[in-house]
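Results of the structural survey
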Amino acid sequence: PILLSSSPPGSLSDTASKATSPSCVSLRSPSHGEKTSLYIFLYIYIYINKSGLVTFIFLSERVKDYIQAAKFHMYQQSLEMEEGLSITFHYVDQHVSQREIYRSGKNTSKCSDKEFAITGRTQRQKNLLHSNVGKSVRCILLLGNAGMGKTTLIKKLCLDWSRNSLPQFDFVFLLDGKGLTLTEPIYSLQTLLFDLSSVAPCVDPNEVFAQVLADPKRVLLIFDGFNELRDYESLLQTQEKDCFTLLQKDSKTQTFTVRQLYSAIFQRLLLPGCTLLLSSRPRGAASQLLRRVDTLLEVCGFTSDSIESYIFHYFTDPALRASALDCLKSSSYLYHLCWNPGLCRLACMVLEQSRNSENLPRTLTELCHQVVSLKIENKDLLLQLSALAWEGVKSNSSTIPRDRSLRVNPFSCLLSLLILYSSKVFNLVYFLRIVSDRSFLQALPFQMGTKWRRRPKREELELTQRIVVGLLFHKKKKLQLLHSHTETVFRNTLISRQGLVAKHLAGLSYSDLGSAQVLELCHYVYEASVSQESKNLPESLRFNGVPLSPPDVFTIKNALLTGAAEGRSFCLDFENTGIQISGLRALVSLNNINSFRACIADVINLWEQLEQSGEEELLQGAVSKFHIQPLKATQVCHIEHLEKLVNIHTNKSSRLSDSILTDGVPAVKDLHKLEFDKQKHKIFIFLDLLDMFDYNLLLFSLEESKIEDQGAEKLASILHSLTSLEVLNLSQNCIGDKGVKKLAHALKDLPKLHCLSLYSNDISDEGAESLAAVLPHMPSLTHLEMWNQCIPYRVLERLQRQDSRILSL
Ligand SMILES: Nc1ncnc2c1ncn2[C@@H]1O[C@H](COP(=O)(O)OP(=O)(O)OP(=O)(O)O)[C@@H](O)[C@H]1O
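The following refers to the structure shown. The shown structure was predicted, so the numbers you read here are calculated from the model rather than taken from an experiment.

1. What about the overall build of the protein?
Along the backbone of the protein there are 34 helices and 17 strands. A fraction of 78% describes how many contacts in the protein between residues 6 or more apart in sequence connect residues 24 or more apart. Summed over all atoms, the accessible surface of the protein reaches about 34000 Å², with 51% contributed by carbon and sulfur.

Laid out in structure tokens, this is it:
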């Protein structure tokens, strides 16, 4: 009933995600008449119901009464977004988009973070949702960085269920990912659901539980916050045999740990057929969960409309509202930070106090600092919180321990802030006051000799480091609250640590930094507001595969402007970053950009916007500086985008004025290397496109795309136009003798071809002979790879003796 396609992760660019993902819709409650993507996924069962797959089970009056009580309880629990903010009044719709899950080879347990942050290098398999409809496994993973609104979205969902908006579920159980910290083996599935989840107290849990077991398809189980956990592998591995048998035999025995129960639920031993919704931050744990997940969603953050809407509801006084919005808009970085709803909330707290845009925070550090200063005046408490927060960062947890003697209750309104960003300030406070120079240095980013390059850094740690650097260079006067030293000791500590940081950053070797680290560095430099020269910044700034948020784009721009002031210019790569078109425009419009690459569809979109607004000079620059060489098309959408670009180049379809395109699109003319692999869809469109590259193409690679004989014949018919071709790779394509014979005939028309690969096709001795027969007509060829199981070894050996350019396995 619902056809879903998805945009590739990371290349979740504006256009790509909108064009390919009908699921990218506004997240309103269904009662508003529009279904959200999350709702769309959850509604699939309704469609299945209609086709009669679900048998109806009648509920007893007592169970019905319980469901009503549970809904009422859930309603009350979900009303408050956080202390003082009601969900019915302050909630703002957020976009949620679907991302694609890539699986690496057969061993999907090896899923790494890179696989949904896209690298395009690993073997992948498309995993469209519609292929899963009807299967018993239904598991949705909701991703979003800290503060992006996952918990809030889940609350909204629970609220909607309590108002009967999700009629396909009789039961919704909300469990906390942090429940895994409970290690005693004293739970059963029943106690997990009725004691540990947020449901109403149940008078007769046995009867209700029996109903839950009888029809798990009508159960939605939500696990919020899988950020804190380690050892996911054991959670997802098969249970020990004894435990397995016991769990299946009697799910009421109270001898299991929470981990065992969660594990059995994920592995569908318990409540098979129920719908699972998990939420997690993208870095770390989420990648390991991918193996059990069939749908991956991501909260997209606030747009400028959502920010306005948030302000509108936050400030009820119209005058205050208008001035808050004006102040926010005039404070560029703060405005960009509001893309994150949690930070938007912090910004509003500050805006409430400050009517003057001069005093508004200019950096993330200043924002967090101002919030802390507003909320905590007691230095002792601050110190205790700092120590706790730092402990949390070290132990990979952002939760404030519950059993602490520390009285945090009066500050419960601050807990959510602590768990979000302000905790980073507390960490720093701890740093400023206690930690030795050595530990301080160890906490700085980019420690040489560690594995930081390979592993994506935890968001928690990265933000801590960012703010550690930021606060050190913060205005000294403003740090009064954060220290208890004498003035002299404080000043000396500060100066010495500023020196350590500056030396550390200046000593970094940029060639050792990956794309994510270069971005981190841009943030450090911005937060610290140190006049870090850009001399170390590489001329070619590649962010490929690193998701770029609006605040990221802002700091990159800041770094590029510093470079401009020093007369430096840069080449930029924003492919697979999800950069917004407005961000792309802001960056490529700078004077010191030599060239750039980004999602083709986004760039075309940008061109059209510039054309419409009559910004001819900018358009000219955006057309001439754009390049796509070399192009590796790894997804169907890449081909569609390329087709669009080639059509503009050949003037077949374009809304751009002719004056801009008199010589076609330079990016197409300069494309010499084209690779396309592991996608058999759209292959013929792709081959048609080849015709238009005339004499420019030097390398053409079409691997593992199942083009078969038909594709080979098509290719053979256009090879004559690729007269510059030097390398042709057609390996692993199921081409048989018929196809290879046609190819062999056409290969003679490629005077410059020196490398031809046809290995692992279905060529037998007959096809091999025909290839060998054309070799004398191909003097430029130096290598031919054609081995496969169908060619008898003795035949291959004989052909190799005849012509040494035929390589052996
Ligand atoms: N859609 C929204 N409308 C209004 N405010 C929101 C929305 N989403 C989030 N917020 C605000 O941002 C704060 C943080 O959101 P939330 O706790 O849901 O983030 P999260 O993604 O679950 O973060 P974490 O990963 O740290 O748990 C909320 O307390 C709320 O004030």
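2. Quick look at the nonpolar core
The biggest cluster of nonpolar side chains holds 107 residues, and the ones touching the most others in it are W607, F700, L719, L758 and M786. Within the second largest apolar cluster, 104 residues are counted, among which are Y66, I140, F194 and F256.

3. Some remarks on the site of the ligand
Taken together, 22 residues are adjacent to the ligand, and E82, K150, T151, T152 and R281 come closest. With respect to the ligand, the backbone of G149 contributes an N or O atom lying 2.9 Å from an oxygen atom. Separating an oxygen atom of the ligand from a side-chain N or O atom of R281 is a distance of 2.7 Å. Within the complex, 92% of the 630 Å² of free accessible area of the ligand lies under protein. Taken together, the elements giving at least two residues each to the shell around the ligand come down to β1 (80-82), α6 (150-162) and α16 (341-353). For the shell around the ligand, a count of residues per class yields ten nonpolar, eight polar and four charged.

4. Remarks on the packing of aromatic side chains
The tally for this structure, following the rule as stated, stands at 17 aromatic pairs. Aromatic pair F173 and F194: ring centres 5.7 Å apart, planes at 80 degrees, arrangement edge-to-face. With F173 in strand β5 (residues 171-176) and F194 in helix α7 (residues 189-196), the pair connects residues that are 21 residues apart, well separated along the chain. For the pair shown, F173 and F194 are each scored as buried. Ring geometry for F223 and F266: centres 5.0 Å apart, planes at 55 degrees, overall tilted. Pair noted here: F223 is in strand β6 (residues 219-224) and F266 is in helix α11 (residues 258-266), with a separation of 43 residues, a long-range link. In this structure F223 comes out as buried when scored by relative accessible area, which is 0%. On the basis of relative accessible area, F266 is assigned to the buried category, the value being 4%. Members of the aromatic cluster, joined through ring pairs, are Y66, F171, F173, F194 and F209. The ring of Y91 carries K156 above its face, with NZ or CZ at 5.4 Å from the centroid. Just above the ring of F312 sits the side chain of R321; from NZ or CZ to the centre is 3.8 Å.

5. Comments concerning the packing of helix α33 (residues 765-774) against helix α34 (residues 793-802)
Packing of α33 against α34 leaves a shortest axis separation of 10 Å and a crossing angle of 5 degrees. In this view, α33 runs roughly parallel relative to α34, as classed from their interaxial angle. Contacts between α33 and α34 involve D765, A768, E769 and A772 from the first element and V795, R798 and L799 from the second. Along the lines of polarity and charge, the residues of the contact of α33 with α34 split into four nonpolar, no polar and three charged.

6. Side note on the side chain of D737
Examined against the element boundaries, D737 turns out to sit in helix α32 (residues 737-747). One buried charged side chain, D737, makes no salt bridge at all; its nearest oppositely charged neighbour is K741, positioned 6.3 Å away. Reaching out from D737, the side chain makes a polar contact with the side chain of S764 at a distance of 2.4 Å. Ignoring anything within four residues of it in the chain, the contact list for D737 reads D709, D762, I763, S764, E766 and G767.

7. Concerning the environment of L689
You can see L689 is positioned in helix α30 (residues 683-690). Under the relative-accessibility criterion, L689 is labelled buried at 3%. Each C-alpha atom of the pair L689 and K644 lies 10.0 Å from the other, and the pair is 45 residues apart in sequence.

8. Quick notes on the pattern of salt bridges
It is possible for side chains of opposite charge to pair when their charged atoms get near one another. Summed over all chains, the structure comprises 14 salt bridges. R798 is the partner of E769 in a salt bridge, and the nearest nitrogen-oxygen pair spans 2.6 Å. Of this pair, E769 sits in helix α33 while R798 sits in helix α34, and the two are 29 residues apart along the sequence. Judged by relative accessible area, R798 falls into the partly exposed class, the value being 32%. Several salt bridges converge on common partners, so that one network encompasses K156, D160 and R163.

9. Some words on the sheet that holds strand β10 (residues 570-573)
One open sheet accounts for three strands, arranged β9-β10-β11; its pairing is parallel. Single-partner strands in this sheet number two, and they are β9 (540-542) and β11 (593-597). Recorded for the sheet is a direction-independent mean angle of 15 degrees between the axes of neighbouring strands. By the bridge criterion, three bridges tie β9 to β10 in an arrangement that is parallel. Each residue of the ladder has a partner; that of R542, found in β10, is D573.

10. Brief notes about α33
Along α33, the residues classified as buried are G767, A768, S770, L771, A772 and V774. In the core, the buried residues of α33 are packed alongside α32 and α34.

11. A closer look at the environment of W339
Looking at where W339 falls in the secondary structure, it is placed in the loop between α15 (332-337) and α16. Linking W339 and L182, residues 157 residues apart in sequence, is a C-alpha distance of 35 Å. Contacts of W339, omitting those with residues within four sequence positions, involve M148, C300, G301, F302, I307, S549, P550 and P551.

12. Re unusual backbone geometry
Cis geometry is adopted by the peptide bond preceding P630, which originates at Q629 and carries an omega value of -10 degrees. As for its position among the elements, P630 is in the loop between α27 (616-624) and β12 (631-633). Not every positive phi belongs to a glycine, and E704 is a case in point at roughly 50 degrees. You can see E704 is positioned in the loop between β14 (699-703) and α31 (708-718). Even without glycine at this site, K706 takes up a positive phi of about 50 degrees. If you trace the backbone, K706 turns up in the loop between β14 and α31. Classification of K706 as partly exposed rests on a relative accessible area of 46%.

Here is what the cut-offs are and how they apply
- Residues numbered from 1 in each chain as written.
- Predicted model: local features only at pLDDT ≥ 70, side-chain atom pairs only at ≥ 80, totals over all residues.
- Heavy atoms only, no water.
- Helix = DSSP H or I, 4+ residues; strand = E, 2+ residues; numbered from the N terminus.
- Contact = heavy atoms within 4.5 Å.
- Areas by Shrake-Rupley, 256 points an atom, 1.4 Å probe, with all protein chains shown as cover.
- Core = buried A, V, L, I, M, F, W, Y, C linked by side-chain atoms within 4.5 Å.
- Buried < 20%, exposed > 50% of the residue type's maximum accessible area, 1.4 Å probe, protein only.
- Near = heavy atom within 4 Å.
- Polar contact = N/O pair within 3.5 Å; in protein donor to acceptor, adjacent residues only side chain to side chain.
- Nonpolar A, V, L, I, M, F, W, Y, C, P; charged D, E, K, R; others polar.
- Phe/Tyr/Trp six-rings, centres within 6.5 Å; stacked < 30°, edge-to-face > 60°.
- Lys NZ or Arg CZ within 6 Å of the ring centre and 35° of its normal.
- Axes fitted to C-alpha atoms, helices over the stretch in contact; angles between N-to-C directions.
- Parallel < 35°, antiparallel > 145°, perpendicular 65-115°, else oblique.
- Lys, Arg positive; Asp, Glu negative; His and termini not counted.
- Salt bridge = Lys/Arg side-chain N within 4 Å of Asp/Glu carboxyl O.
- Pairing = 2+ DSSP bridges.

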